[in-house]
Each structure stands twice: as C-alpha cells, then as structure tokens.
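Inside the fold
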Amino acid sequence: MHLHILGICGTFMGGLALIARAAGHRVTGCDAGVYPPMSTQLAEQGIELIEGYGADQMSLRPDLYVIGNVVSRGNPLMEAILDAGAPYVSGPQWLGDHVLAGQHVLAVAGTHGKTTTSAMLAWILEHAGLRPNFLVGGVAQDFQVSARLDPAQRFFVIEADEYDTAFFDKRSKFVHYRPRTAILNNLEYDHADIFPDLAAIETQFHHLVRTVPGQGRIVAPARSEALDRVLARGCWSPITRFGEGGDWQAGAADGDGSFDVRRAGVDVGRVRWRLLGEHNRMNALAAMAAAEHAGVAPQAAIEALSAFGGVKRRMELRGTVRGVAVYDDFAHHPTAIATTLAGLRRRVGTARILAVLEPRSNTMKLGTMAERLPDALQAADLVFCFGQHEGKHALGWDPARVLAPLGGRATSYDDLHAMVRAIAAAARAGDHVLVMSNGGFGGIHDKLLDALAGPSSAREQP
C-alpha cells in the first residue's frame, strides 16, 4: 500500500513513517518545515519528502492519505483530498488499527518526560533481550532512530501524547493506542491552544485509563493531585506507584547522578549514570516499574539504565569552544525549564549558566504560562530570550516585561543573529550555555559555536 503522510516531519508522524515503511508499505510525505533529526532519519531511510502542501500532490495517487494534527482546514492539499473524496485517516488511528493491534503496548503519558521515559523503557526491554518495537518523540542514542518495527516481536513502547489527534478527531492521540501497560508520569496544565483548563486534560487522561484492561497495569507517581483525581474517577487495573512513599523509590543522587533503587522497601541495586535531575530519577523508576510488568526483573532494569545513552536534544552537549560548553535541550514548559536548569546547576556547581530560551510551543506563544518564567529561570546567571514580533512563531506577550523580575540578568531579542552575537560576547571560559526550544531554533547551536570559535579556532567535539 502507498501511504502519503501529511505533516511527515513532526516527531510522531516521522516515526510513523518509519514504522509504515518497516511494515512493507511505500511511504512518501510532505511538510512545511523540515529540520533534523527527523528530516535526517527520513532521508536515510529513502523516504521521499515534498516541501509544502501543494494540491498537485494528488497526482501521486496514494492508496491512503495519513493526516497529522498540524494539518487544518484550508490546507490546499487537504482541501483537494476532501473535494476528491479520497481516503484519509489520522496518524494515531492508522497506527492503532494496523500496527498496535495484537501487540503488548506499553504507553508513556504525562506532561513531562514522555520521550526520555519511553526511550528508557525501550532500552530496558532491549537490554533484556525482548527486542521491543517502539515509537518515541526523539532519537534515542542507544538506537539512533525514533521508531522501529519487527512484526514478529510482541512488545511495543510508545510515547502517548495527550495532544489532539487531527482536525477531524479532537480526542487525545493516546486513546487510539489501547495499552496493556500505561505510565501516567505526571500531569500539569499545558496545550493552552486546545485545552481550556487542567480539568479538560484530566478527562482525556481518564479516557486513557478506561482503555487499560483489568489484567493490565497502570504506573503512576505516589504523589500527584491531578492524577489522583483522574484515577478517582474509576480505575479497573492494578496500580504501581513510584516516588516517595511508593512501591519504587529512588535514593538521593551523588555528584555524578547515580542513585540507589528500592522496590517494596528492599534495596535492589544502584543505577550508575550521569543523567541530571530528580525528574530523570522519577522517569527511571516509572520505566523500571513498567518493564517489570513485561517480565524484566528490577536488577536487570538497573543494569540496563546504567548503560542508557540518553536522548538527542535532552541536555545534549553540542560542543565546547574556548572552554564554553553549549547544550541543546527540548525544555519549553516552565516546569521542564526549572528542572533542567536545576539538574545542570547540581552538576556544574557555581559555574555560570547562560540560559537561552525560545518560547515556541503553542502554550508558550499564547503566554498562558509566561508569568511563571522568571521563577523557572532563577537558577540561570544570564537569560537570553528570543521572541519574534511577527510571523508564524510570534509571541503574544512581551518578553522584556515578563522577565523584568530577573533584572539585568535577562535580555530579549527578536533578531537571532544579534542574540547569537550577544551570547558569544557575554560567554567566558567555564560557562555552560543551555539552549532550550522544542524546535530547530534557526540552527542557533551551530551559529553560536561558530561565533564562539571565531575565524581561527576549532570546536572541541562533545
């Protein structure tokens, strides 16, 4: 079957493209914005990409159009599909109906940490010899791809997003996945463009809970008021709790990030790694608890996590120039920004941290959580905020006003090149520059490394 995927360069739809190709389908796709790592993955797999959504793509005559949630009415190709009465389906529904059916699905939901936790879980199962299929929202370093399918294997790890499915299906994506094991990692208000309040998101999470079978398993934090409300609406599956007071607990991290693990009050081993922050310890506990439901013993899970390589764009060191380290991180919600900065602060001690932020998600562009940014950025010594005044990614709020509580530590820019020059001028040996965005950010990482290097210096490799 020939599938033509609209919005193919999104993290989910790009992963779906890789899955569909592995299932034996011919896959083509189109998108308006293309940037690594997804574009690189697709090109390496020989999947043909078309820039834009021109109606002339109808001449491809695919058997089915698969529609991503970036597509809306008025899109010229979508309008042509509707006018022609051509067959179409959402990406999540196609995946649920044609790939996930018959698999033991392990779904990872939550406001934060879905990609990292999914990658951890997939790696634990891989390390245990279970060869899982997976689709996550980032490129796991241990796999070098974001998606994999071998129809002969029975486990499928999927990042379960609460964002809506498509313009014609406003349910959350994850209701199509029907997991046997479901991680509910955390829950906060997000996606202000589609959810009016936290209660609306809680309702979608309860739709997910309703799909987990009685012989399944729900993994949830021991302390979360929002998730407790979700589960109080009704739960028909056993619950495993993690975190303080839960079935799975993490000891304090040492200077390198390593920590002890307790299961049902018994010490079961020590995870030896260099990942930062309490959030990653909680992600690890959730992954281990879910892996146990798939038959992986705690000690084996700990051994796997001690060899876990992380995920691209999650505190990824992009290079060091003249003693200045530049990191790339996906953090864009105030809670994720705060926890990422806290983890880096724990590692670097009193060294200066320069936080570089692009508020690019729909929630952040709308300004729903803008007032939380000064507190979220407290651990940074200097803050550089990029906010376009017009265009697709324009902000609906004034960064200078919002970040005023940070005083002279914070500056805002609407010219990327000017901001790069300012960061390079401010940075000095021993500094750590943390770039945070959920998009390509105009290639700022390479631009900054080049600016720091100058015409005659070379970068040190990560």
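Definitions and cut-offs
Residues numbered from 1 in each chain as written. Predicted model: local features only at pLDDT ≥ 70, side-chain atom pairs only at ≥ 80, totals over all residues. Heavy atoms only, no water. Helix = DSSP H or I, 4+ residues; strand = E, 2+ residues; numbered from the N terminus. Rg over C-alpha atoms; globule rule 2.2 N^0.38 Å. Buried < 20%, exposed > 50% of the residue type's maximum accessible area, 1.4 Å probe, protein only. Contact = heavy atoms within 4.5 Å. Areas by Shrake-Rupley, 256 points an atom, 1.4 Å probe, with all protein chains shown as cover. Lys, Arg positive; Asp, Glu negative; His and termini not counted. Charge placed at Lys NZ, Arg CZ, Asp CG, Glu CD. Axes fitted to C-alpha atoms, helices over the stretch in contact; angles between N-to-C directions. Parallel < 35°, antiparallel > 145°, perpendicular 65-115°, else oblique. Left-handed = near helix turned anticlockwise from the far one by under 90°. Nonpolar A, V, L, I, M, F, W, Y, C, P; charged D, E, K, R; others polar. Pairing = 2+ DSSP bridges. Core = buried A, V, L, I, M, F, W, Y, C linked by side-chain atoms within 4.5 Å. Domains from an automatic or database assignment. Buried area = accessible area lost by both parts, 1.4 Å probe. Polar contact = N/O pair within 3.5 Å; in protein donor to acceptor, adjacent residues only side chain to side chain. UniProt positions renumbered as here; feature names shortened; annotations may be inferred. Phe/Tyr/Trp six-rings, centres within 6.5 Å; stacked < 30°, edge-to-face > 60°.

What follows concerns the overall build of the protein chain. Tallying secondary structure elements over the protein chain gives 15 helices and 23 strands in all. Its C-alpha atoms give the protein chain a radius of gyration of 22 Å, within 12% of the compact-globule value 23 Å for 462 residues. Taking the principal axes of the C-alpha coordinates as reference, the protein chain spans close to 60 × 55 × 40 Å. The buried share of the protein chain, taken over its 462 residues, is 56%. The contacts of the protein chain with a sequence gap of at least 6 include a subset with a gap of at least 24, amounting to 67%. Surface exposure of the protein chain reaches about 18,100 Å², of which carbon and sulfur atoms provide 48%. Taken as two groups, the 44 positive and 48 negative side-chain charges of the protein chain have centres that lie 3 Å from each other.

Close contact between helix α5 (residues 114-127) and helix α8 (residues 278-293) brings their axes to 9 Å; oriented N to C, the two are set at 45 degrees. When the axis of α5 is compared with that of α8, the two are oblique. Between α5 and α8 the crossing geometry is right-handed. Residues T116, T117, M120, L121, I124 and L125 of α5 form the contact with α8, whose own contacting residues are N280, N283, A284, A286, A287, M288, A290 and A291. Considered class by class, the residues forming the contact of α5 with α8 number ten nonpolar, four polar and no charged.

Right, let's talk about the sheet that holds strand β19 (residues 324-329) for a bit. Taken in spatial order, the six strands line up as β18-β19-β23-β20-β21-β22 in an open sheet, and their pairing is mixed. The sheet is open, and its two edges are formed by β18 (316-321) and β22 (410-413), each paired on a single side. Neighbouring strand axes in the sheet, compared pairwise and without regard to direction, differ in orientation by 20 degrees on average. Sheet topology note: the strand β21 (residues 382-386)/β22 ladder contains four bridges and is parallel. Across the sheet, residue F384 finds its bridge partner in β22, namely T411. Of the strands in this sheet, β20 (353-357), β21, β22 and β23 (432-436) touch helix α14 (residues 416-426), which is tilted by about 170 degrees from β21. The strands that helix α15 (residues 444-453) touches are β18, β19, β20 and β23; relative to β18, the one it contacts most, it runs at about 20 degrees.

Among the nonpolar cores identified, the biggest contains 52 residues, and W94, L95, L135, I158, L184 and F205 are the most heavily contacted of them. Counting contributing residues per domain, this core is built from domain 1 (2-91) and domain 2 (100-307), each supplying no fewer than three. The residues contacting L135, other than those within four sequence positions of it, are F12, G15, L16, I19, L95, S146, A147, F156, V157, I158 and E159. Listed in part, the 39 residues of the second largest apolar core include V261, L285, A294 and I302.

Taken domain by domain, the protein chain holds domain 1 (2-91), domain 2 (100-307) and domain 3 (316-453). Here domain 1 and domain 2 have C-alpha centroids that lie 28 Å from each other. The three residues of domain 1 that bury the most area against domain 2 are F12, I19 and N69, which together make up 38% of that side's buried surface. At the boundary of domain 1 and domain 2, one finds one residue pair in polar contact (both at pLDDT 80 or more).

It is worth spelling out the UniProt feature "binding site: ATP" (unreviewed entry) in the protein chain at this point. Following the UniProt record, one finds the feature "binding site: ATP" (unreviewed entry) at G110, T111, H112, G113, K114, T115 and T116. Its place among the elements puts G113 in the loop between β6 (104-109) and α5. If near-sequence neighbours (up to four positions away) are discounted, G113 is found in contact with N185 and N283. Topologically, T116 is positioned in helix α5.

The next point concerns the packing of aromatic side chains. Tallying each qualifying case throughout the model produces eight aromatic pairs. Residues F384 and Y413 carry aromatic rings whose centres are separated by 6.4 Å and whose planes lie at 25 degrees to one another, so their mutual orientation is stacked. Pair noted here: F384 is in strand β21 and Y413 is in strand β22, with a separation of 29 residues, a long-range link. Look at F384 and you get buried, because its relative accessible area is 5%. The structure contains a cluster of three or more aromatic residues connected by ring pairs, namely Y88, F167 and F168.

This next bit is on unusual backbone geometry. Of note, the phi angle at A264 is positive, near 55 degrees, even though the residue is not glycine. With respect to the helices and strands, the residue A264 is situated in the loop between β16 (259-263) and β17 (266-271). The backbone of R322 shows a phi angle near 50 degrees, a positive value even though the residue is not glycine. Mapped onto the elements of the fold, R322 is located in the loop between β18 and β19. With a relative accessible area of 53%, R322 lands in the exposed category.

This part takes up the environment of R409. Topologically, R409 is positioned in the loop between α13 (399-402) and β22. Residue class for R409 comes out partly exposed when judged on its relative accessible area of 27%. Considering only alpha carbons, one finds R409 and L42, 367 residues apart in sequence, at a separation of 40 Å. Every residue in contact with R409, bar those within four places of it in the chain, is listed here: L377, Q378, A380, D381, L382 and V383.

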